[in-house]
Amino acid sequence: MLSRDGKRILRGVNLEVGDQEIHSIIGANGAGKSTLAYTLMGLQGYEHEEGSLIFDGEDIAKLSITERARKGITLAWQEPARFEGLKVRDYLAIGAKGNGDITEEELKDALKKVDLKPEKYLDREVGEALSGGERKRIELASIITMRPKLAILDEPDSGIDVVSLKEIVALIQALKENGSSVLVITHREEIAAASDKASLMCEGAILRSGDPLEISEFFKNRCIPCDSRVSPPKAALQ
Amino acid sequence: MTQITISTLSSEIEDMDAAYSAAGGDAAILHKHELASLVISGSKVLNANGTEGIVLETQETEHGVDVKMIIKKGYKIPLPVHLCFGLIPEDGLQEIKMNFVAEEDSAVELIAHCTFPNAMKVIHRMDAQMVIGKNASLKYTETHFHGPHGGIEVIPKANIKIEEGGSYYTNFSLVSGRVGYLEFDYTVEAKKDAVCELVTKVYGKKDDKIKILEKVSLNGENARSVIKSRLAITDDAVSEFRGITEGRAPRARGHVDCMEVIQGNAKAEAIPIVRVDNPLAKVTHEAAIGCVDKKEVETLMARGLEEDDAIDIIVKGMLA
Ligand SMILES: Nc1ncnc2c1ncn2[C@@H]1O[C@H](COP(=O)(O)OP(=O)(O)O)[C@@H](O)[C@H]1O
Ligand SMILES: [Mg+2]
């Protein structure tokens, strides 16, 4: 599906995400989870090489990022970008554009959902002055205002304190209730547990999909660490 | 209290008002008598209105105006003073000589708009001598508008002396329309406990040429400065930035920060120069030239923007 320097980074990805489904992707560091997210979003350098990528019945493999976004796909980066000089309110409004003009109430609600005080943040810049955690929350708030059909969240829990894990779970559920499907890359059992379905990723392949608790239990207890093994991925499943 | 109002042909005033608005100013402000203001069109003074605590003298010369402005000792001017310099015709030369003194313990904010909306063959020179007295403060924001043709040379030169405990903040911005040729040359000498911040923001397009030279000498103990430059250039524009900071006294602190974004065939050069001859002084610098950050562009695209609109928002943010 996607190769780099002759090496395939994604190889056997067979993944289905249902309507308003929360789907976790679990896997070790380097398994290819972010690469999968970038390929779905169509980022530069992550073009789809073979196979199909069907969204709402349409092959989107050749579409640009913008076109995919306008069909309702969006991505929250594991490490969000900084935008010097761009105010939080303007950033949140950009994603919302597809739904008409955003109201002040909607802006405030989105920030409250990620546990940021609107009066403190709306007029600040999404730049250097914010901590990594704050930017991460704002990134998630921008997904809320966009109301996508498919939200791809790359480790929304990393870089945010454990206390707010509950809030992330609540947020993912709120996205679902507002009509989004959520593909969430995570290391946290709590998030997996709140999912409808989970998939285990290993060396660029989805090894199995199914019940989230079962998948996360398998990952924790029966998956041989990638670095202690030389044989192909299927060997990991003995 | 000095109150000078010189009236001329009203159509010229109207033209300047329009030009002032084009540069982002609110023209109504220029006609309020309770606000100090100065309006110069070509070599004509259209309006010079000082208020209490401000001495404002003007002298028309062959190609411009000599201006003397003094903020009297102890006066903290409550409202900003508005300045407007410009030239309406397509061609011409304007030379402004500015002699500015903020006396001890005074404070003032100057908001300047320099506007050349029709420039095809215009030269504008500004030669400023500024003294910020002991514990005085000057905040100076200067917004330029050079019109859409790029037929202009703008050469602002300033020499600024900041006395003990004084502070000087300046923000030069030229981000809409063309630049033409810009040669910006500011030199600052800062005494003990003086504070200085020089910010320049310029957006160059087509065959615009931008030269920025800023030099700060931290001559007094504990003097502090920041030189911050944000440049975006595209098409065939070129830019050259030199930010020099000298730390010459104990606990002097300086920083030079230049960030440039280039697109198309644009070429940029940035040279931060740091000189320190006092072991207790510290001067740091950073300079980055590159294309627009890919992750920023892709993030905005993933929110539904076209690539060009995403780049536009990012560059405007940087120059805001
Ligand atoms: N741009 C790239 N160029 C070359 N190799 C890459 C690139 N991006 C990722 N990889 C490699 O692809 C594999 C998967 O990386 P990644 O998708 O980031 O994993 P994960 O998100 O699961 O930790 C890793 O071996 C990584 O080194
Ligand atoms: Mg990753």
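Higher on the page you've got the structure.
Predicted model only: the values in this text are computed from it and were never measured. Along each chain, residue indices are assigned from 1 in the same order as the chain's sequence is written. Whichever chain is written first is A, and whichever ligand is written first is 1; the rest continue in order. The model is predicted, so local features are restricted to residues of pLDDT at least 70 and side-chain atom pairs to those at 80 or more, both for listing and for counting; the totals for chains, interfaces and linings are taken over all residues. Hydrogens and waters are ignored; side-chain quantities use all the structure's heavy atoms.

### Re the overall build of chain B
Logical step 1: In this text, helices come from DSSP runs of H or I with a minimum length of four residues, and strands from runs of E with a minimum of two, each type numbered from the N-terminal end. Of regular secondary structure, chain B possesses three helices and 19 strands.
Logical step 2: Radius of gyration here is computed from C-alpha atoms only, and the compact-globule reference equals 2.2 Å multiplied by the residue count raised to the power 0.38. For 320 residues, the compact-globule formula gives about 20 Å, and the C-alpha radius of gyration of chain B, at 20 Å, lands near that figure.
Logical step 3: Within chain B, buried positions represent 52% of all 320 residues.
Logical step 4: Two residues qualify as a contact provided that any one of their heavy atoms is within 4.5 Å of a heavy atom in the partner residue. Long-range pairs, those at least 24 residues apart, make up 78% of the contacts in chain B between residues at least 6 apart in sequence.
Logical step 5: Within the structure as shown, chain B displays about 13,100 Å² of accessible surface, and the carbon and sulfur contribution to it stands at 49%.
Logical step 6: Averaged over its 36 positive side-chain charges, chain B has a centre that lies 6 Å from the centre of its 49 negative ones. Three exposure classes are used, based on accessible area relative to the maximum for each residue type with a 1.4 Å probe and protein chains only: buried under 20%, partly exposed in between, and exposed over 50%. Accessible surface is estimated by sampling points in the Shrake-Rupley manner with a 1.4 Å probe; for residues, cover comes only from the protein chains shown. Only four residue types enter the charge count, namely Lys and Arg as positive and Asp and Glu as negative; His and the chain termini do not. We put the charge of a Lys on NZ, of an Arg on CZ, of an Asp on CG and of a Glu on CD.

### Let's talk about the packing of aromatic side chains
For any pair of aromatic rings, the description rests on two quantities: the centre-to-centre distance and the angle between the ring planes.
Logical step 1: The aromatic pairing rule takes the rings of Phe, Tyr and Trp, using the six-membered ring of Trp, and pairs them if the centres are within 6.5 Å, calling planes under 30 degrees apart stacked, those over 60 edge-to-face and the rest tilted. Summed over the entire model, instances satisfying the criterion amount to four aromatic pairs over all chains.
Logical step 2: Note on Tyr38 of chain A and Tyr46 of chain A: the rings are 5.0 Å apart at their centroids and 75 degrees apart in plane angle, and the pair reads as edge-to-face.
Logical step 3: The rings of Phe172, Phe184 and Tyr186 of chain B are connected pair by pair, giving a single aromatic cluster.
Logical step 4: Directly above the aromatic system of Phe218 of chain A lies the positively charged group of Arg208 of chain A, at a separation of 4.4 Å from the ring centroid.
Logical step 5: To sit over a ring, a charge needs its Lys NZ or Arg CZ within 6 Å of the ring centre and within 35 degrees of the ring normal. Across from the ring centre of Tyr203 of chain B, 4.3 Å away, lies the NZ or CZ of Lys205 of chain B, which sits over that ring.

### Let's talk about the interface of chain B and chain A
Logical step 1: Between chain B and chain A, the residue contacts involve 21 residues of the former and 27 residues of the latter.
Logical step 2: Of the roughly 1,900 Å² buried between chain B and chain A on both sides combined, carbon and sulfur atoms contribute 57%.
Logical step 3: Each of two parts loses accessible area, computed with a 1.4 Å probe, when they are put together; buried area is these two losses added. Per-residue buried area on chain B facing chain A is highest for Lys295, Glu298 and Arg303 of chain B; these three make up 35% of the total on that side.
Logical step 4: In what follows, salt bridge is the name for a side-chain nitrogen of Lys or Arg lying within 4 Å of a carboxyl oxygen of Asp or Glu. At the boundary of chain B and chain A, one finds three salt bridges.
Logical step 5: The partner of Glu84 of chain A in a salt bridge is Arg230 of chain B, with the nearest N and O atoms 2.9 Å apart.
Logical step 6: Between N or O atoms, a polar contact is any pair within 3.5 Å; within protein, one atom must be a potential hydrogen donor and the other a potential acceptor, and residues adjacent in sequence are included only when both atoms are from side chains. Inspection of the region where chain B meets chain A yields 14 residue pairs in polar contact (both at pLDDT 80 or more).
Logical step 7: At the level of secondary structure, the elements contributing two or more residues to the side of chain B that touches chain A comprise β15 (224-233), α2 (294-301) and α3 (307-319) of chain B.
Logical step 8: Each residue gets one label: Ala, Val, Leu, Ile, Met, Phe, Trp, Tyr, Cys and Pro are nonpolar, Asp, Glu, Lys and Arg are charged, and the others, such as Gly, are polar. Residue composition of the side of chain B that touches chain A, by class: nine nonpolar, three polar and nine charged.

### Topic: helix α4 (residues 104-113) of chain A
Residue and element names in this part refer to chain A.
Logical step 1: Along α4, the residues that are buried comprise Leu107, Ala110 and Leu111. When α4 is viewed along its axis, its buried side chains cluster within an angular range of 95 degrees and face the same direction.
Logical step 2: Next to the buried residues of α4 lie α3 (88-96), α5 (118-121) and α6 (132-146).
Logical step 3: Directly after α4, the chain includes Asp115, whose backbone phi takes a positive value near 65 degrees. Working definition: the arc comes from the directions between the helix axis and the C-beta atoms, pointing outward to the latter.

### Points about the sheet that holds strand β5 (residues 81-86) of chain B
All names here are of chain B.
Logical step 1: In space, the ten strands of this open sheet follow the order β2-β1-β5-β7-β9-β11-β13-β15-β17-β19, with mixed pairing throughout. The open sheet is flanked by β2 (44-49) and β19 (282-290), the only strands paired with a single partner. On average, each strand axis in the sheet is tilted by 5 degrees relative to the strand beside it, whichever way the strands run.
Logical step 2: In this analysis, strands are considered paired if DSSP registers two or more bridges between them. Where strand β17 (residues 253-262) lies against β19, nine bridges are found, and the strand directions are parallel. Across the sheet, Glu260 pairs through a bridge with Ile289, a residue of β19.
Logical step 3: With axes taken as lines fitted to C-alpha atoms, and helix axes fitted only over the stretch in contact, angles between N-to-C directions fall between 0 and 180 degrees. α3 rests against β13 (195-204), β15 and β17 of the sheet, and its axis sits at about 155 degrees to β15.

### Quick look at the pairing of strand β6 (residues 73-76) of chain A
Residues and elements named next belong to chain A.
Logical step 1: Alternating positions in β6 separate into two faces, Ile73 and Leu75 on one and Thr74 and Ala76 on the other, with burial throughout.
Logical step 2: In the sheet, β6 pairs with strand β9 (residues 150-154) via four bridges, with the strands oriented parallel. The residue bridging Thr74 from the neighbouring strand is Ala151, located in β9.

### So, empty space enclosed by the protein
All names here are of chain B.
Logical step 1: Each cavity reported here is a set of points on a 1 Å grid over the protein atoms alone in which a 1.4 Å probe fits but cannot get out, each pocket an open set with protein on both sides within 12 Å along at least five of seven lines, and each lining residue one with an atom within 4 Å of a point. Grid points are joined across faces, edges and corners, and a volume is the space filled by probe spheres set on the points. Per the counting criterion, the structure on display carries three cavities of 30 Å³ or more.
Logical step 2: Roughly 70 Å³ of internal volume is contained in the largest cavity.
Logical step 3: Contributing to the lining of the largest cavity are Met98, Met126, Ala128, Met130, Tyr140, Glu142, Pro156, Lys157, Ala158, Tyr168 and Tyr186.
Logical step 4: Going through the elements one at a time, β8 (121-132), β9 (137-145) and β10 (152-162) are the ones with two or more residues in the lining of the largest cavity.
Logical step 5: For the lining of the largest cavity, a count of residues per class yields nine nonpolar, no polar and two charged.

Interpretation in functional terms is not warranted from these geometric data alone.
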